[in-house]
Amino acid sequence: MVILEQYLWGGTCPNYGCDPKKILLAAVENIKRQKALQTRGLHGYSQINWSDLMAHKQRYVDAVQPRKIRGLDQAGIARFYGHASFINEDTVRVGDSKDTIRASDWVIATGQRPQTLNFPGSGYTQNSEDFFEYAKYARRRDIYWGWFCGC
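A quick note: this is a predicted structure, and the numbers were derived from the prediction, not measured. (Residues numbered from 1 in each chain as written. Predicted model: local features only at pLDDT ≥ 70, side-chain atom pairs only at ≥ 80, totals over all residues. Heavy atoms only, no water.)

## Topic: the packing of aromatic side chains
Then step 1. By the definition in use, this model includes two aromatic pairs.
Then step 2. Their ring planes at 45 degrees and their centres at 6.4 Å tell us that tryptophan 9 and tyrosine 81 sit as a pair that is tilted. Here tryptophan 9 is found in the loop between β1 (2-5) and α1 (12-15), whereas its partner tyrosine 81 is found in strand β2 (residues 78-81), with 72 residues between them in sequence.
Then step 3. Since its relative accessible area comes to 6%, tryptophan 9 is described here as buried.
Then step 4. Lying over the aromatic face of tyrosine 60, arginine 67 brings its terminal NZ or CZ to 5.7 Å of the ring centre. (Phe/Tyr/Trp six-rings, centres within 6.5 Å; stacked < 30°, edge-to-face > 60°. Helix = DSSP H or I, 4+ residues; strand = E, 2+ residues; numbered from the N terminus. Buried < 20%, exposed > 50% of the residue type's maximum accessible area, 1.4 Å probe, protein only. Lys NZ or Arg CZ within 6 Å of the ring centre and 35° of its normal.)

Structure follows, in structure tokens:
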């Protein structure tokens, strides 16, 4: 068995998708729960330290690739990094290298990449990667986001 990856080991969910977003959302939901319990025996509020929360999220994301690679290695699955191109019905070339892989059966799981839409105001939209890159530098911000989570 062989796996080829062109972008991030583990795919979108653990790197820029639902998993890191759920880490951030959990902090916000905790504050909301605290507010709801203020008259029911809970006193005081936690505060979100954005830098600490983003560092926690990043530690999670940084552990994804080594964990995925270790799991593949332990399972005896050969792995290649690069763009795969069929050169005939049973052979794939990896990137610009001379590395080729031959097989009679293939599973093609290409993953998802964001579609850039063109509409008035679309310049103000962001995809998940943009959000996390931009959010690193946030001080105080009201953030509104929505995402489709297929997990």
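## Considering the sheet that holds strand β5 (residues 100-102)
The strands making up a sheet associate through backbone hydrogen bonding, with each pair oriented either parallel or antiparallel.
Then step 1. The strand order across the open sheet formed by three strands is β3-β4-β5, and the pairing between neighbours is antiparallel. Each end of this open sheet is capped by a strand with a single partner; those strands are β3 (84-88) and β5. Going from strand to strand, the sheet's axes swing by 30 degrees on average, the running direction of each strand aside. (Pairing = 2+ DSSP bridges. Axes fitted to C-alpha atoms, helices over the stretch in contact; angles between N-to-C directions.)

## What about the environment of glutamine 112?
Then step 1. Tracing the sequence through the fold places glutamine 112 in the loop between β5 and α4 (128-135).
Then step 2. Distance from glutamine 112 to cysteine 13, taken between C-alpha atoms, is 9.9 Å for residues 99 residues apart in sequence.

## Some remarks on helix α3 (residues 50-74)
Then step 1. Its 25 residues give α3 an end-to-end C-alpha distance of 36 Å, which sits within 8% of 36 Å, the value for a rise of 1.5 Å per residue.
Then step 2. At valine 64, α3 shows its largest bend, some 30 degrees, and a proline, proline 66, comes one to four positions later.
Then step 3. All buried positions along α3 are accounted for by Trp50, Leu53, Met54, Lys57, Val61, Val64, Ile69 and Leu72.
Then step 4. Note on α3: the residue one or two positions beyond its end, glycine 76, has a positive phi of about 75 degrees. (Expected span 1.5 Å × (residues − 1). Bend = angle between axes of the 7 residues up to and from the residue.)

## Considerations on the nonpolar core
Then step 1. Ile23, Leu24, Ala27, Trp50, Leu53, Met54, Phe131 and Phe132 together form the largest nonpolar core, which totals eight residues.
Then step 2. Where this core is concerned, the elements lending two or more residues are α2 (18-36), α3 and α4.
Then step 3. The contact partners of alanine 27, leaving out residues within four places of it in the chain, are Ile48 and Leu53. (Core = buried A, V, L, I, M, F, W, Y, C linked by side-chain atoms within 4.5 Å. Contact = heavy atoms within 4.5 Å.)

## A word on the confidence of the model for the protein
Then step 1. Looking at the protein as a whole, the pLDDT averages 83, with 88% of positions reaching at least 70.
Then step 2. No element of the protein has a lower mean pLDDT than α4, at 71, and none a higher one than α3, at 93. (pLDDT = per-residue confidence, 0-100.)

## A word on the side chain of glutamine 34
Then step 1. Residue placement: glutamine 34 occurs in helix α2.
Then step 2. Among all residues touching glutamine 34, those that are not within four sequence positions of it are Leu42, Gly44, Tyr45 and Ser46.

## Remarks on the pattern of salt bridges
Think of it this way: side chains of opposite charge can pair up when their charged atoms draw near.
Then step 1. Counted according to the given criterion, the structure contains three salt bridges.
Then step 2. Of the charged contacts, one joins arginine 79 and aspartate 73 as a salt bridge, the two residues approaching to 2.9 Å between their closest N and O atoms.
Then step 3. Relative accessible area serves as the criterion here: at 42%, aspartate 73 is assigned to the partly exposed category.
Then step 4. A salt bridge links arginine 102 to aspartate 90; its shortest N-O distance comes to 3.2 Å. Residue arginine 102 is found in strand β5, and its partner aspartate 90 is found in the loop between β3 and β4 (91-94); the two are separated by 12 residues along the sequence.
Then step 5. By relative accessible area, which is 60% here, arginine 102 ends up exposed. (Salt bridge = Lys/Arg side-chain N within 4 Å of Asp/Glu carboxyl O.)

## Quick look at the pairing of β3
The two faces of a sheet get side chains in turn, since along a regular strand they alternate between them.
Then step 1. Inspection of the sheet shows β3 paired to β4 by four bridges, in the antiparallel sense. Within the sheet, the bridge partner assigned to asparagine 88 lies in β4 and is threonine 91.
Then step 2. In this antiparallel pair of consecutive strands, β3 and β4, the connection spans two residues.

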